[in-house]
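In case you want the letters, here they are:
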Amino acid sequence: MTVTPSSPYSEQPGRIMSREMAEQPDVLRRILDIGAPRIRRTAEEVAAKRPRFVLLTARGTSDHAALYAKYLLEVRLGLPCGLTSMSTTTAYAAKPDLRDVLVITVSQSGGSPDLVASTRAAREAGAVTLAVTNNPDSPLAAVSEHHIDILAGPEKALPATKTYTASLLALYLFVEGLHGSDGAQAGALPGLAADLLARHEEIRTLAARYRFAERMVITSRGYGYPTAKEAALKLMETSYIPALAYSGADLLHGPLAMVDNISPVIAVVTDGRGGEALQPVLDRLRGRGADLVVIGPKAQVEQASAGFVLPTEGVAEELQPILEIIPLQLLAYEVTIARGQDPDAPRALAKVTETR
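In this numbering scheme, every chain counts its residues from 1 along its sequence in written order. In keeping with the model being predicted, local features are shown solely for residues with a pLDDT of at least 70 and side-chain atom pairs are shown and tallied solely at 80 or more, while totals for entire chains, interfaces and linings include all residues. Side-chain numbers come from the whole structure's heavy atoms, not from hydrogens or water.

Thoughts on the overall build of the protein
Right, so step 1: Each helix corresponds to a stretch of at least 4 residues labelled H or I by DSSP, and each strand to a stretch of at least 2 residues labelled E; elements are numbered beginning at the N terminus. The helix and strand tally for the protein stands at 14 helices and 10 strands.
Right, so step 2: Counting only C-alpha atoms, the protein reaches 55 × 50 × 40 Å along its principal axes.
Right, so step 3: Here the protein holds 356 residues, and 56% of them are scored as buried.
Right, so step 4: We call two residues in contact when some of their heavy atoms are within 4.5 Å. Contacts in the protein between residues far apart in sequence, at least 24 positions, make up 75% of those at least 6 positions apart.
Right, so step 5: Summed over all atoms, the accessible surface of the protein reaches about 14,500 Å², with 50% contributed by carbon and sulfur.
Right, so step 6: One finds the centroid of the 36 positive side-chain charges in the protein at a distance of 4 Å from the centroid of its 40 negative side-chain charges. Per-residue accessibility, obtained with a 1.4 Å probe over protein chains only, is compared with the maximum for each type, and a residue is labelled buried under 20%, exposed over 50%, and partly exposed between these values. Per-residue accessibility takes into account occlusion by the displayed protein chains alone, with areas from the Shrake-Rupley method and a 1.4 Å probe. For this count, His and the chain ends are skipped, Lys and Arg are scored as positive, and Asp and Glu as negative. Where a charge lies is defined by one atom per residue type, namely NZ (Lys), CZ (Arg), CG (Asp) and CD (Glu).

A word on helix H8 (residues 189-197)
Right, so step 1: All buried positions along H8 are accounted for by Leu189, Pro190, Leu192, Ala193, Leu196 and Leu197. Looking down the long axis of H8, one finds its buried residues gathered within 165° of arc, a one-sided arrangement.
Right, so step 2: Here the buried face of H8 lies against helix H1 (15-22), helix H2 (24-47), helix H7 (162-178), helix H9 (200-207), strand E10 (306-309) and helix H14 (320-338). This arc is built from the directions going out from the helix axis to the C-beta atoms.

Points about the confidence of the model for the protein
Right, so step 1: Note: pLDDT gives the predictor's confidence per residue, expressed from 0 to 100. Residues of the protein with pLDDT of at least 70 account for 92%, and the chain-wide mean is 91.
Right, so step 2: Note that pLDDT drops below 50 for residues 1-10; the model gives that stretch 22 contacts with residues more than four away or on any other chain.

Side note on the packing of aromatic side chains
Right, so step 1: Pairing of aromatic side chains here covers Phe, Tyr and the six-membered ring of Trp, requires ring centres within 6.5 Å, and sorts the geometry by plane angle: under 30 degrees stacked, over 60 edge-to-face, intermediate tilted. Applying the stated criterion across every chain yields a total of two aromatic pairs.
Right, so step 2: Considering the side-chain rings of Tyr71 and Tyr223, the 6.0 Å spacing of their centres and the 45° angle between planes classify their relative orientation as tilted. Taken together, the residues span a long stretch of sequence, with Tyr71 in helix H3 (residues 61-77) and Tyr223 in the loop between strand E6 (216-220) and helix H10 (225-239) at a distance of 152 residues.
Right, so step 3: Judged by its relative accessible area of 24%, Tyr71 falls in the partly exposed class.
Right, so step 4: Members of the aromatic cluster, connected to one another through ring pairs, are Tyr68, Tyr71 and Tyr223.
Right, so step 5: In this analysis the charged atom, NZ for Lys or CZ for Arg, is taken to sit over a ring once it is within 6 Å of the ring centre and within 35 degrees of the ring normal. Across the ring face of Phe308, the terminal group of Arg199 is positioned such that the distance to the ring centre comes to 3.8 Å.

Comments concerning the sheet that holds E6
Right, so step 1: Following DSSP output, two strands are said to pair if at least two bridges run between them. Reading across the sheet, the five strands line up as E7-E6-E8-E9-E10 and stay open at both edges, with parallel pairing between neighbours. Both edges of this open sheet fall to strand E7 (243-247) and E10, since each of them pairs with a single strand only. Each adjacent strand pair in this sheet contributes to an overall mean axis angle of 15°, direction not counted.
Right, so step 2: Each of E6, strand E8 (264-268) and strand E9 (291-296) is contacted by helix H12 (residues 273-287), which is oriented at about 160° to E8, the strand it contacts most. Interaxial angles span 0 to 180 degrees and are taken between N-to-C directions of axes, which are lines fitted to C-alpha atoms, for helices over the stretch in contact.

Describing the sheet that holds strand E4 (residues 128-133)
Backbone hydrogen bonds hold the strands of a sheet together, and the pairing may be parallel or antiparallel.
Right, so step 1: Strand order in the open sheet formed by five strands is E2-E1-E3-E4-E5, and the pairing between neighbours is parallel. Single-partner strands in this sheet number two, and they are strand E2 (81-83) and strand E5 (146-149). For this sheet, the mean angle separating the axes of adjacent strands, direction not counted, is 20°.

Topic: the pattern of salt bridges
Right, so step 1: For this analysis, a salt bridge means a side-chain nitrogen from Lys or Arg found within 4 Å of a carboxyl oxygen belonging to Asp or Glu. Scanning all chains against the criterion turns up 15 salt bridges.
Right, so step 2: Through salt bridges with shared partners, one network takes in Glu201, Arg204 and Glu334.

Description of the side chain of Thr227
Right, so step 1: For Thr227, the location among the structural elements is in helix H10.
Right, so step 2: For Thr227, a relative accessible area of 0% puts it in the buried group.
Right, so step 3: Sequence-distant contacts of Thr227, that is, excluding residues within four places in its chain, are made with Tyr164, Val268, Pro321, Glu324, Ile325 and Leu328.

Concerning the packing of H8 against H14
Right, so step 1: Put simply, H8 and H14 touch, their axes get as near as 10 Å, and they point 20° apart. Considered as vectors, H8 and H14 are oriented roughly parallel to each other. Regarding H8 and H14, the two cross each other, and that crossing is right-handed. Along the contact surface, H8 presents Leu189, Leu192, Ala193, Leu196 and Leu197, while H14 presents Ile322, Leu323, Ile326, Pro327 and Leu330.
Right, so step 2: Within the contact of H8 with H14, the residues separate by chemical class into 10 nonpolar, no polar and no charged. Any angle between 65 and 115 degrees counts as roughly perpendicular, while under 35 counts as roughly parallel, over 145 as roughly antiparallel, and the rest as oblique. Left-handed describes a crossing whose near helix is turned anticlockwise from the far helix by less than a right angle; the clockwise case is right-handed. Residues are grouped as follows: Ala, Val, Leu, Ile, Met, Phe, Trp, Tyr, Cys and Pro are nonpolar; Asp, Glu, Lys and Arg are charged; all remaining types, including Gly, are polar.

Quick look at the pairing of E9
Right, so step 1: Counting buried positions along E9 gives six out of six residues, so the element sits mostly inside the fold.
Right, so step 2: Burial along E9 is two-sided: Asp291, Val293 and Ile295 and Leu292, Val294 and Gly296, pointing in opposite directions, are all buried.
Right, so step 3: Bridging between E8 and E9 involves five bridges; their strand directions are parallel. Residue pairing in the sheet places Ala267 in a bridge with Val294 of E9.
Right, so step 4: When E9 meets E10, the two strands line up parallel, connected through four bridges. Its bridge partner being in E10, Val294 is matched across the sheet by Gly307.

Shown next as structure tokens:
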């Protein structure tokens, strides 16, 4: 899917998003080859301070990367984690006691004023602060004690793609570093990502199901839940389809009532405990006659209305989200093109949000 002047992607709407999606294997490889040693040193420095609690700060796509890190930290390290409510410090001027707390702020640009202010306040409150950004010269990196550069290169399309998968891999390597591991399991990711991108035609066929969709539901559990949330955001910000993301457990507590035989549902099924926990939800969805599409292992795809088979064999469950999102990025792109819109230029959106 590489974009060249002679490529069909070079003239059509969405060519910037298309090009940046295609860069993901190279970005992942760059992180493993160049970024990993630096990330490991940062992890060692943070581990030496023995944080007892972790707070994660982010917005938008970066918030989904932070949620992924929350699963990693709680499952892999047993560290309790929370997601920051930034307005408590930026709007209400609260003064929390953050001694022995690690505050990780994830931001593609590193330029959002509320993230900078919140991180500065956390550091003044005694926290160990870590910024994970695509810009080492950003204001966020400057106010943080530690910084990880995700090395994704400039991202110009408004829908973030390569910076999301880069953030996931950087966070995975950081958590593995805290655990005392080198994260070698991630070595296969660039090749697997390239294989997924080469299957673009499968996604184009799948996208035809959603050309006239009025709403969508995306569900998952465990490590796949951040993928569901990010996929919903991609669909909403590119095609404007109202896409609701639910944990499978939450879906059963009420929202399932809106699912019928004409309601499109996408289930992100990890190959592991998260997928096992989602099984009762998949059974209920099939029982309601839902138009169920599965992104996941072959056995699960074969039981659904349609789907996309992921290469999960030999891939640890905690690494699968880095692959899961790629076909869903492509799906958002193709649905948007099919609806006659330009995924490079979603209306009323800005690359850097300014809130407080």
